Amino acid sequence: MSRRRRLRKVVAPPGFKGYKPYGVTKGSKECVDLLYEEYEAIKLADYDLMNHQQASELMGISRPTFARIYESARRKIAKALVEIKEIKTVYGNAWMDKNWFVCNKCNARFTIPKTINKVDCAMCTSDNIELLKN
Amino acid sequence: MKTVITSSGNELTSPFDKRFGRAAWFCLYDEKTRERTFFENQYMNANSGVGTKAAEKMVEWNAGKVISGDFGPKAKDLLDQFNIQMVIIQDEDVTVQDIIERLK
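Residues numbered from 1 in each chain as written. Chains lettered and ligands numbered in written order. Predicted model: local features only at pLDDT ≥ 70, side-chain atom pairs only at ≥ 80, totals over all residues.

### With respect to the overall build of chain A
Per the secondary structure count, chain A includes three helices and eight strands. Ordered by position in the sequence, the α and β elements of chain A form the string β-β-β-α-α-α-β-β-β-β-β. Put simply, chain A has 134 residues, and 25% of those count as buried. (Helix = DSSP H or I, 4+ residues; strand = E, 2+ residues; numbered from the N terminus. Buried ≥ 20, exposed ≤ 12 C-beta atoms within 10 Å, placed from the backbone.)

Printed below as a string of structure tokens:
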């Protein structure tokens, strides 16, 4: 069994659900799934201009792990740009400061405490869940 | 993991209570042993601080998840602090039995 993945702290989730290329001649219907923690890594490193050490401390992970997430984020964005793919944000392995979720399947609202390591609906275990913004 | 469901009576067929602190009964359901125990809420008619008292009970019973219709701000803070998962369901006319079935 592989080692369990630690949850990465995300201060604010992305304010969009995805990005779509426009004006394309031959569009591909595929999309790239950008995880919340990858979005957060890009934001901390390239927007807030933090160094990897500070950013990793903020997200509660080690510096090498941060570097890996950041690299994967950059590669995904590059892939989407070059291969003209849509970018979709996916929840991934994150936990929020304030975390209320809503399940798109059974409409239950719930919290996910840090001690729980899976991200799914508390009632129907569906993973079709979304972060609730209040 | 143990789950607490707010109930308006002490039977499985009792309707689910949408209030947390002022729920009449709490149904403690153990996912491992499938055991269901009902506890009367002794603070139901207290004047204030019922949310806090009820949340303390959850901690005492070692519950991992609480299912109710809504939580007050104080209860929310306390449950958050003890890493107890809160679940809000807004369905009308469901019984405690229905909820347990959905959890399985």
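### Some words on the sheet that holds strand β1 (residues 2–7) of chain B
Sheet architecture is open: eight strands sit in the order β8(A)-β6(A)-β7(A)-β5(B)-β4(B)-β1(B)-β2(B)-β3(B), paired in mixed fashion. Bordering the open sheet on either side are β8 (129–131) of chain A together with β3 (36–40) of chain B, each of which pairs with just one other strand. Pairs of neighbouring strands in the sheet enclose a mean axial angle of 25°, with direction left out of account. Bridge count between β1(B) and strand β4 (residues 65–68) of chain B: three bridges; the pairing is parallel. Pairing of B:Val4 across the sheet is with B:Val66, part of β4(B). (Pairing = 2+ DSSP bridges. Axes fitted to C-alpha atoms, helices over the stretch in contact; angles between N-to-C directions.)

### A look at the nonpolar core
By size, the foremost hydrophobic cluster in this structure holds 35 residues, and its most contacted members are A:Ala108, B:Val66, B:Leu79 and B:Val87. Elements with a contribution of two residues or more to this core: β6 (100–103) of chain A together with β1, β2 (25–30), α1 (50–60), β4, α2 (73–81), β5 (85–88) and α3 (96–103) of chain B. Among the elements that take part in this core, α1(B) stands out by supplying four residues, more than any other. In terms of nonpolar packing, the next biggest core, distinct from the first, is built from 19 residues, A:Leu34, A:Leu44, A:Ile61 and A:Ile69 among them. (Core = buried A, V, L, I, M, F, W, Y, C linked by C-beta atoms within 7 Å.)

### Comments concerning the packing of helix α1 (residues 36–47) of chain A against helix α3 (residues 63–82) of chain A
Residues and elements named next belong to chain A. Axis separation between α1 and α3 bottoms out at 8 Å; the angle between their running directions is 100°. Here α3 runs roughly perpendicular to α1, going by the angle between their axes. Contact residues: α1 offers Glu 37, Glu 38, Ala 41, Ile 42 and Ala 45, while α3 offers Phe 66, Ile 69, Tyr 70, Ser 72, Ala 73 and Lys 76. Split by residue class, the contact of α1 with α3 holds seven nonpolar, one polar and three charged. (Parallel < 35°, antiparallel > 145°, perpendicular 65-115°, else oblique. Contact = placed C-beta atoms within 7 Å. Nonpolar A, V, L, I, M, F, W, Y, C, P; charged D, E, K, R; others polar.)

### Things to note about unusual backbone geometry
For A:Leu49, which is not glycine, the phi torsion reads 50° and is therefore positive. Structurally, the position occupied by A:Leu49 is in the loop between α1 and α2 (52–59). Despite not being glycine, B:Asn83 has its phi angle at roughly 55°, a positive value. With respect to the helices and strands, the residue B:Asn83 is situated in the loop between α2 and β5.

### Quick notes on the interface of chain B and chain A
Each partner contributes residues to the interface: chain B has 12 residues there, and chain A has 13 residues. Listing elements by their share of the side of chain B that touches chain A, those giving two or more residues are β5 and α3 of chain B. Among the elements that line the side of chain B that touches chain A, the one with the most residues is β5(B), at four residues. Taken together, the residues that form the side of chain B that touches chain A break down as six nonpolar, three polar and three charged. Where strand β7 (residues 109–111) of chain A meets β5(B), two bridges bridge the pair, whose relative direction is antiparallel. What sits directly across from A:Arg109, in β5(B), is B:Ile88.

### Focus on the pairing of β6(A)
Residue and element names in this part refer to chain A. With burial as the criterion, only one face of β6 is covered, namely that bearing Phe 101 and Cys 103; the residues Trp 100 and Val 102 on the opposite face remain uncovered. Where β6 meets β7, three bridges bridge the pair, whose relative direction is antiparallel. Note on β7: the bridge partner recorded for Trp 100 is Thr 111. Counted along the chain from β6 to the antiparallel partner β7, the turn is five residues long, and its residue Asn 107 has a positive phi close to 65°. Direction of pairing for β6 relative to β8: antiparallel, over a ladder of three bridges. Residue Phe 101 lies in a different strand from β8, and its bridge partner there is Leu 131.

### Concerning α1(A)
Residues and elements named next belong to chain A. The end-to-end C-alpha distance of α1, which contains 12 residues, comes to 15 Å, matching closely the 16 Å that a straight helix rising 1.5 Å per residue would cover. When α1 is considered as a whole, its buried residues turn out to be Tyr 36, Glu 37, Glu 38, Tyr 39, Glu 40, Ala 41, Leu 44 and Ala 45. Just downstream of α1, Leu 49 is the residue with a positive phi angle, here 50°. (Expected span 1.5 Å × (residues − 1).)

### Some remarks on the sheet that holds strand β2 (residues 18–19) of chain A
Residue and element names in this part refer to chain A. Ordered in space as β2-β4-β3, the three strands form an open sheet in which the pairing is mixed. Of all strands in the sheet, those bounded by a partner on one side alone are β2 and β3 (31–35). Of the strand pairs in this sheet, β3 and strand β4 (residues 86–90) are connected by five bridges, and their pairing is parallel. Note that in β4 the partner of Leu 34 across the bridge is Thr 89. Across the sheet, α1 touches β3 and β4, and the angle it forms with β3 is around 70°.

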